[in-house]
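Descriptive structure summary
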Amino acid sequence: MIRDQTIIKEQFLKSTGKYLFILLLLMVACFFTWSENVMITRAIKVVGRLGVLTGSYLIYKRIINYGAVDSLKWNNPLAIGLYGVYLLIGFASFAWSTNVGYSMLQWFMTSQTLVFCYFFIKSIYLLDIYFPKHRIRLFNLLGNVSFSLILLFIVGMWTLPDVFFRLTHGGEEARLGGYFMNPNELGMLAGLGIAGLIFDLFQDDQKKWWTIVKLLVLFYGLYATGSRSSLIGAFLIIGFHIFQSSNKKLKYIAFGMMLLVTPIAVHKIIFKDGDQSRMEEVLSMTGRLPFWTALINEGLPKEPLLGYGFMRIAYKEYFQGVHTYPGKMTHNTFIQVLMNLGFIGLTVILFHLIFTFYGIYQEPQLKKQVLLTLLIPLIINSFTEFGIFGESNYGILFYQLILMYISFQPRLILSPRERIYLRKKRPELQLATRSKF
C-alpha cells in the first residue's frame, strides 16, 4: 500500500514537472511572431496567453487537490507593492495617452503575464513545502525552455536559412532570429538559458555531460544571434560563477577559457572584424546615444511628470528628433518608463528595483545566487532593448517570475480547517518549515 502511494506520488510529481515545463515553454513561445499574417499572430498571442494562464491556475489547483493548502503569505511587500503602483500609474495613464488602445493592450499583456507568474510560482512554492523531495527547480525549467527554443532556431538555421536568418546592415550581416524574433532578444533568451543551466552542473541528480551539451548549444545560438549585449551578459554570468566558486582549480580553468575566448568574441562579434564603422557604432551604443539625448532634451520637457501614456514616447506614433531617426520605442527600459510615465513613474520603478534587490539579498545563498545570475542578462538587455519595463516581451515574464519568487514565504501556522484537510489527504506528511530553491 505504501509502495503504491509512493509510486503514485512520484508519477504526480513527474507529470507536474512536465506540465510546468510545457506551460512555461508555451508562454515564452507566445511572444514570438510565428506567422507573417497579422491576424494569426494576434490570435496566437491573445488566445495562447490566455490558455497558458488558465493552465497555470489549473496546475496550481491540481497541487492543492492532491494534498496541499495555500499556506503562503506575502514577503518583501515593498518590492511587489511598488510594482503594483507602477501598473496602477500605467492604468491611470489611459486618461492622457494619445493612443489609448495601444496603451491598454500593452498594459493588459504585462498584467496577464504577472497573473501567470503568480500561479506558476505559487505552484513551485507549494511543491517545496508539501513535496520536499521533488526535483522541480525554477532555474532548470528556465534553462530547458531556453535550450528547447534555441535548438529549434539552430535546426531552422541549417534547414531553412532564408526563414531563420535576419539580414542587417544592408544585407551584409546575417543574424539568427529571422522575422520570428529580434536577434538581440533571442540572444538574451540564450543568455538566460546559460544562467539557468549552469546551476545544473552543481546538482547531483543531473547528468553533467548532457548539461554541458545543452550549454554548448546555447553558446552557439548566442554566437549566431550576433548580440553584443547578450555576449557581454554571458561573460558576466561566467565571471559571477568564477567569483562565487570556492574551487580554485575550477576558477583557474574557467578564467583561462575566458582569456582564450574573449579576444575572438570581441573581434568577431563586438567589433565585427575590426570594421571602423562598427567600432564607432559600438562606442555610440549602436547609434542610440543621439536618440536618447533627443528624447530627454526634446521630448521629455513636454510631459515631464506623467509622460505620454503607458508605452508611449510621443504624441504621435513615432518620436522624431531634430537630428535623429524616428523611433517608436527607446531601446532602453529606464528611458522608456521616463517617457511614458514621467519622473513619477521612473521614481517608482527605481525604488521598486532597490527593494527587489534588497529582497534577493535576504534570501538563502543558493537562491540569491540563482536570482542574481538570472537577472544579469535581463538587466543588460534593459539598457539596449525592450527590457523589463518596456513593451511586452518575455524579458518582462522572466523578471516577473523572479519578482514573484521573492514575494512569498510559508505561513507556519495553519488553520484548523487546513490541518483537517491535510490529515485527510496526506496523513504521512511532515511539513517543511522552510521552502527550498
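Residues numbered from 1 in each chain as written. Predicted model: local features only at pLDDT ≥ 70, side-chain atom pairs only at ≥ 80, totals over all residues. Heavy atoms only, no water.

Our next topic: the confidence of the model for the protein. Averaged over all residues, the pLDDT of the protein is 87; the fraction at 70 or higher stands at 86%. The model gives residues 432-437 a pLDDT under 50, and that stretch makes 18 contacts with residues more than four places away or in other chains. (pLDDT = per-residue confidence, 0-100. Contact = heavy atoms within 4.5 Å.)

Contact geometry for helix 2 (residues 38-67) and helix 4 (residues 100-130): axes closest at 9 Å, N-to-C directions at 20°. It follows that helix 2 is roughly parallel to helix 4 by the angle criterion. The two elements helix 2 and helix 4 cross, and the hand of that crossing is left-handed. On the side of helix 2, the interface is formed by Arg49, Leu50, Val52, Leu53, Ser56, Tyr57, Ile59, Tyr60, Ile63, Ile64 and Gly67, while helix 4 contributes Met109, Gln112, Val115, Phe116, Phe119, Phe120, Lys122, Ser123, Leu126, Leu127 and Tyr130. The residue makeup of the contact of helix 2 with helix 4, split by class, is 16 nonpolar, four polar and two charged. (Axes fitted to C-alpha atoms, helices over the stretch in contact; angles between N-to-C directions. Helix = DSSP H or I, 4+ residues; strand = E, 2+ residues; numbered from the N terminus. Parallel < 35°, antiparallel > 145°, perpendicular 65-115°, else oblique. Left-handed = near helix turned anticlockwise from the far one by under 90°. Nonpolar A, V, L, I, M, F, W, Y, C, P; charged D, E, K, R; others polar.)

A few words on a nonpolar patch on the surface. Side chains of Trp96, Leu305, Leu306, Phe343 and Ile344 sit close together on the surface and give an oily, nonpolar patch of about 430 Å² of accessible area. Its place among the elements puts Leu305 in the loop between helix 12 (288-299) and helix 13 (333-361). By relative accessible area, Leu305 is classed as exposed at 53%. (Patch = residues over 30% accessible without salt bridge, like charges linked within 9 Å, V, L, I, M, F, W, Y side chains within 5 Å. Areas by Shrake-Rupley, 256 points an atom, 1.4 Å probe, with all protein chains shown as cover. Salt bridge = Lys/Arg side-chain N within 4 Å of Asp/Glu carboxyl O. Buried < 20%, exposed > 50% of the residue type's maximum accessible area, 1.4 Å probe, protein only.)

In summary, soluble globular proteins display a tendency toward joint burial of nonpolar side chains. By size, the foremost hydrophobic cluster in this structure holds 121 residues, and its most contacted members are Phe32, Tyr86, Phe120, Tyr130, Tyr394 and Phe398. Among the elements that take part in this core, helix 4 stands out by supplying 14 residues, more than any other. For Tyr86, the contacting residues outside a window of four places in its chain are Phe310, Met311, Val337, Leu341, Val348, Ile349 and Phe389. (Core = buried A, V, L, I, M, F, W, Y, C linked by side-chain atoms within 4.5 Å.)

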